[in-house]
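Secondary and tertiary structure notes
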Amino acid sequence: MPDDPYLNTLLMSALAVIFIIITSLGLGALARFIAKLSGSSKLRQADAFTGYLFASPWIVGFIIFVLIPLFTSLYWSFTDYRIPNHPDWVGFENYAKLILGDSGFRASLVNTLFLTVIGLPLQVGVALLLAVLLNQKMRGERIFRMSFYLPVVLGFNAAVLLCWRLMLAAGNGIINQVIRALSAKSILFSYLNRAIIYVVEVVNAFFLGITNQNFTLFNKVLEAGFPAANRVPMWVQTPLWSKMSVVILIVWGCGTMMLIFLAGLNNIPKELHEAAEVDGAGGWARFWRISFPLITPYIFYNLIVGMIAALQIFEPIYVLYRDSATLAPSAFSMVYYLWMATFRFNEIGYGSAISWLILIIILIVTLFQFRAQNRWVNYELY
Amino acid sequence: MRRYNVFTIIGRGILYLLLTFASLLMAFPLFWMISTSFKTLEDANAPFIQWLPPQPQLTAYLQVLSDPHFLRAYFNSTFYAALALTGTLISIAAVAYAFSRVQWPGRNIVFFLMLSTMMIPAQALIVPQYVFFNKLGWIGTFNPIIIPGFFAGGAAMIFLLRQSMAQIPKELDESAFMDGANHLQIWWEIVLPLVKAPLATIATFLFVGYWNNLLGPLIYIQDSKLYTLPVYVAQLYNINNTIQPWPTIMASAVLTTVPLMIVFFFAQRYILESILVSGLKG
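Residues numbered from 1 in each chain as written. Chains lettered and ligands numbered in written order. Predicted model: local features only at pLDDT ≥ 70, side-chain atom pairs only at ≥ 80, totals over all residues.

What about the overall build of chain B?
- Regarding its fold elements, chain B presents 14 helices and zero strands.
- If you list the helices and strands of chain B from N to C, you get α-α-α-α-α-α-α-α-α-α-α-α-α-α.
- Rg of the C-alpha trace for chain B: 24 Å, well past the compact-globule value of 19 Å for 282 residues, more than 25% over.
- When its C-alpha atoms are laid out on the principal axes, chain B stretches across 75 × 70 × 35 Å.
- Per-residue burial for chain B yields a buried fraction of 44% across its 282 residues.
- Taking the contacts inside chain B whose residues are at least 6 apart along the sequence as the reference set, 78% of them involve residues at least 24 apart. (Helix = DSSP H or I, 4+ residues; strand = E, 2+ residues; numbered from the N terminus. Rg over C-alpha atoms; globule rule 2.2 N^0.38 Å. Buried ≥ 20, exposed ≤ 12 C-beta atoms within 10 Å, placed from the backbone. Contact = placed C-beta atoms within 7 Å.)

A closer look at the overall build of chain A
- Helix and strand counts for chain A stand at 18 helices and zero strands.
- Considering chain A as a whole, with its 382 residues, one finds that 41% of them fall into the buried category.
- The contacts in chain A between residues at least 6 apart in sequence include a share of 68% that link residues at least 24 apart.

Topic: the packing of helix α5 (residues 141–154) of chain A against helix α11 (residues 255–267) of chain A
Residues and elements named next belong to chain A.
- Two elements in contact, α5 and α11, have axes separated by 8 Å at closest approach and are oriented at 135 degrees. Considering the angle they form, α5 stands oblique to α11. Residues F148, Y149, P151 and V152 of α5 form the contact with α11, whose participating residues are G255, T256, M258 and L259.
- Considered class by class, the residues forming the contact of α5 with α11 number six nonpolar, two polar and no charged. (Axes fitted to C-alpha atoms, helices over the stretch in contact; angles between N-to-C directions. Parallel < 35°, antiparallel > 145°, perpendicular 65-115°, else oblique. Nonpolar A, V, L, I, M, F, W, Y, C, P; charged D, E, K, R; others polar.)

Re the domain arrangement of chain A
- Domain assignment breaks chain A into domain 1 (5–76) and domain 2 (99–170 + 234–376).
- Centre-to-centre separation of domain 1 of chain A and domain 2 of chain A, based on C-alpha positions: 37 Å. (Domains from an automatic or database assignment.)

As for the interface of chain A and chain B
- Contacts between the two partners involve 88 residues from chain A, matched on the other side by 87 residues from chain B.
- Among the elements that take part in the side of chain A that touches chain B, helix α2 (residues 42–76) of chain A stands out by supplying 19 residues, more than any other.
- Across the side of chain A that touches chain B, the residue classes tally to 63 nonpolar, 20 polar and five charged.

Some thoughts on the nonpolar core
- Ranked by internal contacts, the top residues of the largest apolar core, which has 177 residues, are A:L162, B:V95 and B:I158.
- Here this core gets 16 residues from one element, more than from any other, and that element is helix α4 (residues 68–101) of chain B.
- For this core, the two domains that each supply at least three residues are domain 1 (5–76) and domain 2 (99–170 + 234–376) of chain A.
- Among residues more than four places away in sequence, those in contact with B:V95 are A:F54, A:A55, A:P57, A:W58, B:A152 and B:I158. (Core = buried A, V, L, I, M, F, W, Y, C linked by C-beta atoms within 7 Å.)

Observations concerning unusual backbone geometry
- Cis geometry marks the peptide bond from A:I83 to A:P84; its omega dihedral reads 5 degrees.
- Counting through the fold element by element, A:P84 comes out in the loop between α2 and α3 (93–101).
- Of note, the phi angle at A:N346 is positive, near 50 degrees, even though the residue is not glycine.
- Mapped onto the fold, A:N346 is located in the loop between α17 (334–343) and α18 (348–376).
- Residue classification places A:N346 among the partly exposed positions, given that 17 C-beta atoms sit within 10 Å.
- Despite not being glycine, B:A152 shows a phi value in the positive range, around 50 degrees.
- As for its position among the elements, B:A152 is in the loop between α7 (143–146) and α8 (155–166).
- Taking the C-beta count within 10 Å as the criterion, B:A152 has 31 such neighbours and is therefore assigned buried.

A short note on the environment of A:V117
- As for its position among the elements, A:V117 is in helix α4 (residues 103–134).
- Separated by 27 residues in the primary sequence, A:V117 and A:V90 place their C-alpha atoms 36 Å from one another.

Looking at helix α10 (residues 183–194) of chain B
- For α10(B), spanning twelve residues, the distance from its first C-alpha to its last is 15 Å, which sits close to the expected 16 Å at 1.5 Å a residue.
- Those residues of α10(B) that sit buried are B:H183, B:I186, B:W187 and B:V191. Buried residues of α10(B) fall within an arc of 95 degrees about the axis and therefore sit on the same side. Exposed residues pointing more than 90 degrees away from the buried face of α10(B) are listed as B:E189 and B:P193.
- Contacts from the buried residues of α10(B) go to α2 of chain A together with α4, α8 and α9 (170–178) of chain B. (Expected span 1.5 Å × (residues − 1). Arc of directions from axis to C-beta.)

Description of α9(B)
- Of all nine residues in α9(B), zero are buried, a share of ten percent or less.
- Just downstream of α9(B) lies B:G180, where phi reads positive at about 90 degrees.

Examining the environment of A:L367
- By the secondary structure assignment, A:L367 is in helix α18.
- Sequence spacing of A:L367 and A:L166 is 201 residues, and the spatial spacing of their C-alpha atoms is 40 Å.

See below:
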C-alpha cells in the first residue's frame, strides 16, 4: 500500500470497484444458473442475470455492512470484547450493567425522554405553525419556505453549530444581550422572561433529579423561588439549561417536518374548506375541525421520526458540550453516549450492547406508535 | 371567491409580518456568522449589541485562507465528498434500475428487505463496522468513510430514484432492445438522462450528508493532517483560551458553508419537491 493517504484511498476505491464488478457478475451468473436449473425460459434467465447484476452492489453491501455486523455485534454484546483482547463470553453482564449501574447510560435515556416530552412537541408545534402560515397561498411563499428549510441543510455542520455556541454564551452572547435589553425596556417582557426561566429550571432540575436519583437540586430551585429581575438564561453554562439549548437547536431545524405538514395541508380537498366557509365557520374553527384531524397522520409520522432522531442527536452535543465533563452528560443522546463509551477504550462488547439496546428501543417505539395510531389518527379520505 | 375587505388586508399584513419575523429568526445564525467574521476580535467579544461590524475588515478571512491547516482540511473534505458522492450516486443509480426496469425472481423480497433497513439507524452499526475496518487495517484512513457508500449506501435514496425510474414508459427500453442495445447502454444512455432531476436531488442530499459528516471522521481519522472541515473547525474553539478567536472561527465556518449554500441554491426547488412527494428526511 502506498504511504500517501490520498493515493491509498484512490487505490482502495479502485479495488472496491473491481470487487463490486466481480461479485455482481458472479451473483448474476449464479442467478442465471439457478433460473436455468429451474427450467425458466431464455428471456427469464437473461432477466435474472441482469436484475442481480444491477442490484448486487446493494445486496453485497447489505450482507457486509448490515447483516454480518448486526449479528456479530449481537454475539459481542454478550462478551467482554475489547480490542485487541480476545472476546470472552460474559452472558448478560453488559446489559445488566447498562440498565442497573451505568449512570451515563441512564443520563442518556433521561435526556432522550426530555427531548421527546418537552422538545419534540415544541418542534412539531413550530413546524405546524409555520406550515399553516405558509399555506395561505400568497406571494413570496418560496422564499419563506427556503429560509425555513435552510437550517436543515446547514444545521448539521459543526462549523455552523459553533455559531450557536457564540450566540448562546451566557455573558455576552447576542441572545442574552437581546433578552437583557428587552427586559430593561419592558416590565412585561421581564416578567415573562423570569417566568420562563423559572419553569425551565424547575422542569430541568426535576429531570436532573431522575438522572442523579437525588432531588436536592430540585428542592433548591423550588426554594429559591421566582428569579430576580437581572436573571438571564444560562444556556450552555449549567446542566439546568444544557438540554434547553439542544431543544432550541432542534426547533431551529424543524424545516423537514414543516415541509411534510405542508404536503399534508396541500392534500386536504379544497371543497371541505369552501363548504365550511359557506356555513360560516371562521379560520380558527376550520383549522381545528377540518385541517387538524386530517393531518394527524403527518403529525404521527413526524413524532416517530422526531423521536428516533432524538436518540441520535450527535453534532449539536459535540459542538456545544464536548469539552465539558459536567455538561455533556446532562444533554447527550444515546448515540453520543454510545460513541463516548465505546471508542474511549475500544470497548466493543459494551458498545455492542448499547447498539442493540438502541435498536430495540427504536423497534419498540415504532411498533407501539403503529399500534397507537389506530386510536387517534384519522386515515379517512386517504 | 375571496372577498377583499379591510379585515383580509389587515390579516394579510399580519401574516406577512409573522412570516418575515420567523424567516429572520431562522436565518439569524447565518447572519450572525457572517457579521462576526468581519468584526475585529474586540468587537466580536464586545459586551453590548453590535448588529453589524462597526469597522468591517477582511483580516479573519486573510488569516484563514493563508492557514495551511485550514486549506488542507478543505482539500480533505472535497476529496472525501467528491469520491464518496461519485461512487454512491453511480451504485444507487444501478440498484434503482434493477428495482424499476428489470423483472427478476426475488425482486420483491429484496426490495422489502431494502425498505426495512431504513429502520436501522446507521449509528447502531458503527461498533461492529469499526471492528471490521480495524481488521482490514483501514483505521486512520479515509477508506471507512468512503468505500461503504460504493455499495449503494442509503435505502431512502434508492427508493426515491426507483420511483422516478418506474414512471418512464416501458416502450422506450423495448424499442432500444429492438435496435440491439443491451441493459448497460439502456441504463446509461436512455434511463439516466431521463431522471436527471431526481439524480440531482439525490446528489444534493448525499453531498450535504458527506460534507456535514462528523461522527465518521471522528471515529476513523486520527491524524490531524487528515481532518475534514467539521472536525477541524470544531476544534478551533478551545475552552482553554481566555478569549475565543471568534472572527477567525466564523470566517472558517462561512467558508465551510459556501459549498452548501451554492448546492442548496441550485437544487432547492427539487429538494423541496422531493420531500413533499416522498416525505423523505433530508
